[in-house]
Amino acid sequence: MPSEKILDQKKQVVDALAEKMEKAVAGVMVDYRGLTVEEDTKLRNELRAAGIEYAVVKNTLTRFAANRIGYTEFDEVLNGPTALALSYDDVVAPARVLAGFAEKNDSMKIKAGFMEGKAMSVDEVVALSKIPSKDTLYAMLAGGLNATIAGLARAIDAVREQKETA
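This write-up is about the structure you can find in this document. Just so it is clear, the model here is predicted, and its values are computed rather than measured.

**Remarks on the pattern of salt bridges**
Okay, so step 1: The final tally for this structure, using the stated rule, is 10 salt bridges.
Okay, so step 2: For Glu103, the salt bridge goes to Lys130, with nearest N and O atoms at 2.9 Å. Remark: Lys130 occurs in the loop between α5 (122-129) and α6 (134-165) and Glu103 occurs in helix α4 (residues 93-104); sequence separation between them is 27 residues. Pair check on accessibility: Glu103 and Lys130 agree, each one exposed.
Okay, so step 3: Between Glu164 and Arg160 there is a salt bridge, and its shortest N-O distance comes to 2.9 Å.

Here is the structure:
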């Protein structure tokens, strides 16, 4: 039986992990087995650049933390090597980076994810990864608004020209 000191340390880890998962707007769990050091370093750099917190986690402690905040769906996927990627501001970023990396590296497998309080399956994580980034969506919106305004300006100009020639 573990000592009281070790149990307290584990409780603190569970508390901290539960707090992080609760604060995160999205997270993805992956099996990183088979990645080389070079591939892992490249992945960590991509995640860091996207503002994503990434760490290898202990399954039992993660299970306790997830259950504490209502994610009982993860019990069956928390086995084998597990890493957790958390984002606190962009719901798409963890899915986009990890799914993109998993497409290029057969070694990495997505296990599950969550977004804004709801657990997601592997298929849902992959589908989420296909959504364009927030900046791209803003650019698309701005382009659409600009095209609408330009069309309105041309129509007003055409009416003005028509009235001048009449």
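**Considering the pairing of strand β1 (residues 26-31)**
Okay, so step 1: For β1, a buried count of six out of six residues is recorded, marking the element as mostly surrounded by other parts of the structure.
Okay, so step 2: The alternating pattern of β1 places Ala26, Val28 and Val30 and Gly27, Met29 and Asp31 on opposite faces, both of which are buried.
Okay, so step 3: As defined by bridge partners, β1 adjoins strand β3 (residues 82-87) across five bridges and the pair is classed as antiparallel. Within β3, the residue paired with Ala26 across the bridge is Ser87.

**Brief notes about the packing of aromatic side chains**
Okay, so step 1: Across all of its chains, the model carries three aromatic pairs by this definition.
Okay, so step 2: Note on Tyr71 and Phe74: the rings are 5.2 Å apart at their centroids and 35 degrees apart in plane angle, and the pair reads as tilted. Like Tyr71, the residue Phe74 is buried in the burial classification.
Okay, so step 3: Measuring from centroid to centroid gives 6.3 Å for Phe74 and Phe114, while their planes differ by 50 degrees, and the two rings are tilted. With Phe74 in the loop between α3 (59-68) and β3 and Phe114 in strand β4 (residues 109-115), the pair connects residues that are 40 residues apart, well separated along the chain.
Okay, so step 4: Through a chain of ring-to-ring contacts, three or more aromatic side chains come together here, namely Tyr71, Phe74 and Phe114.

**A closer look at the sheet that holds β4**
Okay, so step 1: Spatially, β2-β3-β1-β4-β5 is the arrangement adopted by the five strands of the open sheet, whose pairing is antiparallel. Each edge of the sheet is formed by a strand with only one pairing partner; in this case those strands are β2 (53-57) and β5 (118-120). The mean angle between the axes of side-by-side strands here comes to 20 degrees, regardless of whether they run parallel or antiparallel.
Okay, so step 2: Running at roughly 45 degrees to β3, helix α1 (residues 4-23) makes contact with β1, β2, β3 and β4 of the sheet.
Okay, so step 3: Running at roughly 20 degrees to β1, α4 makes contact with β1, β3 and β4 of the sheet.

**Looking at helix α2 (residues 37-49)**
Okay, so step 1: Taking 1.5 Å as the rise per residue, α2 with 13 residues should run 18 Å; its terminal C-alpha atoms sit 18 Å apart, in good agreement.
Okay, so step 2: Among the residues of α2, Asp40, Leu43 and Leu47 are the ones counted as buried. The arc enclosing the buried residues of α2, seen along the axis, measures out at 65 degrees, which places them on a common side. α2 presents Val37, Glu38, Arg48 and Ala49 as exposed residues on the side facing more than 90 degrees away from its buried surface.

Calculation rules
- Residues numbered from 1 in each chain as written.
- Predicted model: local features only at pLDDT ≥ 70, side-chain atom pairs only at ≥ 80, totals over all residues.
- Heavy atoms only, no water.
- Salt bridge = Lys/Arg side-chain N within 4 Å of Asp/Glu carboxyl O.
- Helix = DSSP H or I, 4+ residues; strand = E, 2+ residues; numbered from the N terminus.
- Buried < 20%, exposed > 50% of the residue type's maximum accessible area, 1.4 Å probe, protein only.
- Pairing = 2+ DSSP bridges.
- Phe/Tyr/Trp six-rings, centres within 6.5 Å; stacked < 30°, edge-to-face > 60°.
- Axes fitted to C-alpha atoms, helices over the stretch in contact; angles between N-to-C directions.
- Contact = heavy atoms within 4.5 Å.
- Expected span 1.5 Å × (residues − 1).
- Arc of directions from axis to C-beta.

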